[in-house]
Amino acid sequence: MKVTVESSKSIKPDYGGHRPVAPPFTANVVPLSVFDKANLDTQVSVIYAFHPPAPPNGVLEAGLARALVEYREFAGRLARDADGSRRAILLNDAGSRFVEATAGVALGSVMPLRPTPAALSLHPSGGDELMLVQATRFACGSLVVGLTVHHTVADGRGFCNFILAWGQATRGAPIDPAPVHDRPSFFAPRSPPKIEHEHRVVEFKPYDARKDDDAGGGDDDEEVVVVERVHFSAERIAKLKAQASAGARYSTVQCVLACLWRCVTRARGLEGRDATALLIGVDGRGRMSPPVPDGYTGNVVLWARPTATARELVDMPLRRAAELIRRAVARVDDAYYRSFIDFACSGAVEEERLVPTADAADMVLSPNVEVNSWVRLPFYDLDLGGGRPFLFMPSYVPVEGVVFLVASFVGGSSVDAYVSLFRQDKDAFMNCCTSDLSKL
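- As recorded in an unreviewed UniProt entry, the protein chain goes by the name Anthranilate N-benzoyltransferase protein 1, listed as coming from Aegilops tauschii subsp. strangulata.
- Entered under Sequence similarities (unreviewed entry) in the UniProt record, the comment concerning the protein chain runs "Belongs to the plant acyltransferase family."

Shown next as structure tokens:
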């Protein structure tokens, strides 16, 4: 599949009749919150596919320009605040990148799309823009839209809200939920602080100068990372739940993650005493008290870390793994979020030269597994004027041990898991995932 870029332009907010005179945004900055700074300092990309007919690119650009009026962070740039001491989002209306591209084949000839290196040609990346969009037109009239956002600006919920707002603005519909931009006021530390949990080994770690020395070295013999899509049909999910339900009821995500965590661990061939953690991103919007509004645009994610030795994990029944996951997620409550805020604002991070454990430079996560669950996020509600997409998926992420969970394009209550792992572990992993449930 050859994708040809036809044009690339910057789309700025279109204030139109909203404001008679655009204010001097160049001096306006939004300081990053403690949650923004603790998350991955990298770009995240997703891919949509739409059946024809699709609206012309001019309509998509106009809708994007209107959405950026409400989501100005996405048209800004990462910078420093006035005294240069803190990273911030500069609200300068510099714009989002919009790329027009074509593919000289019918989309059906390359379906199903898979998160391979070829998928990188379907969305833009790089540059200093915080939001990038690519519209690729296929010979059959189908449209593939690739979107890239900088994770420092938004978590999965914030990213999804902006995507839906783009569709709403394109159709002339009201933007819902209304975006909430006031980052600092939601996460003020308590006085006196009350640090009740250990954050040095969970959200923060010691700075390692050796990583800077090794940057860009590369290894010609480096393992190849592949991404496998595992489909969990409604029937299979029901069987997983039935197997795990003795004495308790577990959610779809808990059961699917219990299965995947065990299968990845088996496929890696870890030593029995190796500890493995499942890092699960937990959205704090509804967990904090008072709740953070659904329309909050930034990051509100911390991580649950159920942990076991490799031998314990592969030997325990599925319900035990699901219980570890449930308990770990439940512990990330309001008290935990407040403890994190107090610690992150205490000065200890700066004094001890701590850095986030969420490190974009880590390309191999073994023996751990990192999970981004988007199952409950309404990504499929995007409508640019030609109807909802028939496919939504993450792009190729060559980081061993990363998992994305999304609602399946098959529909119903089925789930697709996109699992990144070394090529040499692929067969063992897929055999485990497709084996009889009694062997899990």
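## What to know about the pattern of salt bridges
Part 1 of the reasoning: Tallied over the entire structure, the rule returns 26 salt bridges.
Part 2 of the reasoning: With its nearest N and O atoms 2.9 Å apart, the salt bridge here joins D36 to R183. Note that D36 is positioned in helix α1 (residues 34-38) and R183 in helix α4 (residues 183-186), a separation of 147 residues in sequence.
Part 3 of the reasoning: The class for D36 is buried, based on a relative accessible area of 1%.
Part 4 of the reasoning: The exposure class of R183 is buried, given its relative accessible area of 0%.
Part 5 of the reasoning: The partner of D359 in a salt bridge is K205, with the nearest N and O atoms 3.4 Å apart. Placement of the pair is D359 in the loop between β14 (354-356) and β15 (369-373) and K205 in strand β9 (residues 204-206), with a sequence separation of 154 residues.

## As for the packing of aromatic side chains
Part 1 of the reasoning: Under the definition given, this model contains 18 aromatic pairs.
Part 2 of the reasoning: Pairing F35 with F187 gives two aromatic rings, centres 4.7 Å apart and planes at 65°, and the pair type is edge-to-face. Within this pair, whereas F35 is found in helix α1, its partner F187 is found in the loop between α4 and β9, the two being separated by 152 residues in sequence. No difference in accessibility class separates F35 from F187, as the two residues are buried.
Part 3 of the reasoning: Residues W374 and F392 carry aromatic rings whose centres are separated by 6.1 Å and whose planes lie at 45° to one another, so their mutual orientation is tilted. With a gap of 18 residues between them, W374 in the loop between β15 and β16 (391-394) and F392 in strand β16 connect regions that are remote in the sequence. The residues W374 and F392 share a single accessibility class, namely buried.
Part 4 of the reasoning: Among the aromatic residues, those joined into a ring-pair cluster are F35, F186, F187, F204, Y296, Y337, F340 and F343.

## Some thoughts on helix α10 (residues 334-344)
Part 1 of the reasoning: α10 sits mainly inside the fold: nine of its eleven residues count as buried.
Part 2 of the reasoning: Y336, Y337, R338, S339, F340, I341, D342, F343 and A344 are the residues of α10 that are buried.

## Regarding the confidence of the model for the protein chain
Part 1 of the reasoning: When pLDDT is averaged across the protein chain, the result is 91; 92% of the residues are at 70 or more.
Part 2 of the reasoning: This model gives residues 215-221 a pLDDT under 50, and the stretch forms zero contacts once residues within four places in sequence are excluded.

## Some points on the state of the cysteines
Part 1 of the reasoning: Scanning the entire structure with this criterion turns up one disulfide.
Part 2 of the reasoning: One disulfide in the model links C263 with C432; its S-S distance is 2.3 Å. On the sign convention where negative is left-handed, the bridge of C263 and C432, at about -70° about the S-S bond, is left-handed. Separated by 169 residues along the polypeptide, C263 in helix α7 (residues 252-268) and C432 in helix α12 (residues 426-434) bring together distant segments of the chain.
Part 3 of the reasoning: Residue class for C263 comes out buried when judged on its relative accessible area of 0%.
Part 4 of the reasoning: The class of C432 is buried, set by a relative accessible area of 8%.
Part 5 of the reasoning: Cysteine C433 remains unbridged, with the sulfur of C263 as its closest cysteine sulfur at 4.0 Å.
Part 6 of the reasoning: Judged by its relative accessible area of 0%, C433 falls in the buried class.

## Here we look at the sheet that holds strand β5 (residues 87-90)
Part 1 of the reasoning: The three strands lie next to each other as β2-β5-β4, forming an open sheet whose pairing is antiparallel. Each having just a single partner strand, β2 (29-31) and β4 (77-80) make up the two edges of the open sheet. Adjacent strand axes in the sheet meet at a mean angle of 40° when their direction is disregarded.

About the criteria used
- Residues numbered from 1 in each chain as written.
- Predicted model: local features only at pLDDT ≥ 70, side-chain atom pairs only at ≥ 80, totals over all residues.
- Heavy atoms only, no water.
- UniProt positions renumbered as here; feature names shortened; annotations may be inferred.
- Salt bridge = Lys/Arg side-chain N within 4 Å of Asp/Glu carboxyl O.
- Helix = DSSP H or I, 4+ residues; strand = E, 2+ residues; numbered from the N terminus.
- Buried < 20%, exposed > 50% of the residue type's maximum accessible area, 1.4 Å probe, protein only.
- Phe/Tyr/Trp six-rings, centres within 6.5 Å; stacked < 30°, edge-to-face > 60°.
- pLDDT = per-residue confidence, 0-100.
- Contact = heavy atoms within 4.5 Å.
- Disulfide = S-S within 2.5 Å.
- Pairing = 2+ DSSP bridges.
- Axes fitted to C-alpha atoms, helices over the stretch in contact; angles between N-to-C directions.

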